[in-house]
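Below are the chains, spelled out letter by letter.
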Amino acid sequence: MASLNVGNLGEYLREQRRQAQLSLRQLADAAGVSNPYLSQIERGLRKPSADILQQLAKALRISAETLYVQAGILDERDRDEVETRAVILSDPSVNERQKQVLLQIYDAFRRENALEADAAEAAAADASGSGTDPGSVAGPGSDDPAVPPKN
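All of the points below concern the structure found in this document. (Residues numbered from 1 in each chain as written. Predicted model: local features only at pLDDT ≥ 70, side-chain atom pairs only at ≥ 80, totals over all residues. Heavy atoms only, no water.)

## Description of helix 3 (residues 35-42)
Given 3.6 residues per turn, any residue in an α-helix points the same way as the ones three and four places further on.
Logical step 1: All of the buried residues in helix 3 are Leu38, Ser39, Gln40, Ile41 and Glu42.
Logical step 2: Its buried side turned inward, helix 3 meets helix 1 (9-19), helix 2 (24-31) and helix 4 (50-60).
Logical step 3: Near the N-terminus of helix 3, the side chain that reaches the backbone nitrogen of Tyr37, with its oxygen 3.1 Å away, is that of Ser34.
Logical step 4: Gly44 lies just past helix 3 and shows a positive phi near 80°. (Buried < 20%, exposed > 50% of the residue type's maximum accessible area, 1.4 Å probe, protein only. Helix = DSSP H or I, 4+ residues; strand = E, 2+ residues; numbered from the N terminus. Contact = heavy atoms within 4.5 Å. Polar contact = N/O pair within 3.5 Å; in protein donor to acceptor, adjacent residues only side chain to side chain.)

## Some points on a nonpolar patch on the surface
Logical step 1: Among the surface-exposed residues, Val101, Ile105 and Phe109 lie close enough to one another that they form a single nonpolar patch of about 260 Å² accessible area.
Logical step 2: Relative to the helices and strands, Phe109 resides in helix 7 (residues 96-130). (Patch = residues over 30% accessible without salt bridge, like charges linked within 9 Å, V, L, I, M, F, W, Y side chains within 5 Å. Areas by Shrake-Rupley, 256 points an atom, 1.4 Å probe, with all protein chains shown as cover. Salt bridge = Lys/Arg side-chain N within 4 Å of Asp/Glu carboxyl O.)

## Topic: the pattern of salt bridges
Pairing is possible between side chains of opposite charge, provided their charged atoms come close.
Logical step 1: The tally for this structure, following the rule as stated, stands at seven salt bridges.
Logical step 2: In this structure, the salt-bridge partner of Arg14 is Glu42, at a minimum N-O distance of 3.5 Å. Taken together, the positions of Arg14 in helix 1 and Glu42 in helix 3 put the pair 28 residues apart, joining distant regions of the chain.
Logical step 3: Taking the relative accessible area as the measure of exposure, Glu42 reaches 5% and is therefore buried.
Logical step 4: One salt bridge connects Arg85 with Glu81, and the closest N-O pair in it is separated by 3.1 Å. Pair noted here: Arg85 and Glu81 are both in helix 6 (residues 79-90), with a separation of four residues, about one helical turn.
Logical step 5: Here Arg85 falls in the buried class, since its relative accessible area comes to 14%.

## A short note on the nonpolar core
Across soluble globular proteins, nonpolar side chains show a tendency to be buried alongside one another.
Logical step 1: Core analysis: the largest hydrophobic core is formed by 18 residues, its most contacted members being Leu9, Leu13, Leu56 and Leu67.
Logical step 2: Only helix 1, helix 2, helix 3, helix 4 and helix 5 (64-71) provide two or more residues apiece to this core.
Logical step 3: With five residues, helix 4 is the largest single contributor of residues to this core.
Logical step 4: Every residue in contact with Leu56, bar those within four places of it in the chain, is listed here: Leu13, Leu27, Ala31, Leu38, Ile41 and Leu67. (Core = buried A, V, L, I, M, F, W, Y, C linked by side-chain atoms within 4.5 Å.)

## As for the side chain of Thr66
Logical step 1: Mapped onto the secondary structure, Thr66 falls in helix 5.
Logical step 2: Not counting chain neighbours up to four residues away, the residues in contact with Thr66 comprise Tyr12, Val82 and Ala86.

## Digging into the environment of Arg46
Logical step 1: Within the element layout of this structure, Arg46 appears in the loop between helix 3 and helix 4.
Logical step 2: Judged by its relative accessible area of 34%, Arg46 is partly exposed.
Logical step 3: As for Arg46 and Gly10, which are separated by 36 residues in sequence, their C-alpha atoms are 9.0 Å apart.
Logical step 4: A distance of 2.7 Å separates the side chain of Arg46 from the side chain of Gln40, its partner in a polar contact.

## Here we look at the environment of Arg110
Logical step 1: Within the secondary structure, Arg110 is located in helix 7.
Logical step 2: Its relative accessible area of 40% is what places Arg110 among the partly exposed residues.
Logical step 3: Expressed as a C-alpha distance, the spacing of Arg110 and Glu81, which sit 29 residues apart in the sequence, is 9.4 Å.

Set out below in structure tokens:
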């Protein structure tokens, strides 16, 4: 069988499995897939579906998004976010509830920063696109101290 173009997914899965100190059979059982199928994925002979990747991620206690990037399902531009999530989810010193709270806070900060960036971008576009506002030019009779009052 020829190797499919699945990036480094197989190597990455094998490394994660070894770090988790799981045998191929143990991971296959935990993920609900067959031992030969998992072996083929690790050797790059099979490209698993997103559902299978999610099952493998859960069994390995890592982020499914990380596996999606490795498999080419998720865009590489989202990698920083995915890696941050993976680090949070893989930290053994933090319990599951705490991990979910951390992820919620992380998402809230990302949304807030995106809104601020959008607002700044809109303000910059308004400032550069409108030129001089006729209502802002001081004229005779204005309250501007630089303009003498009309007699």
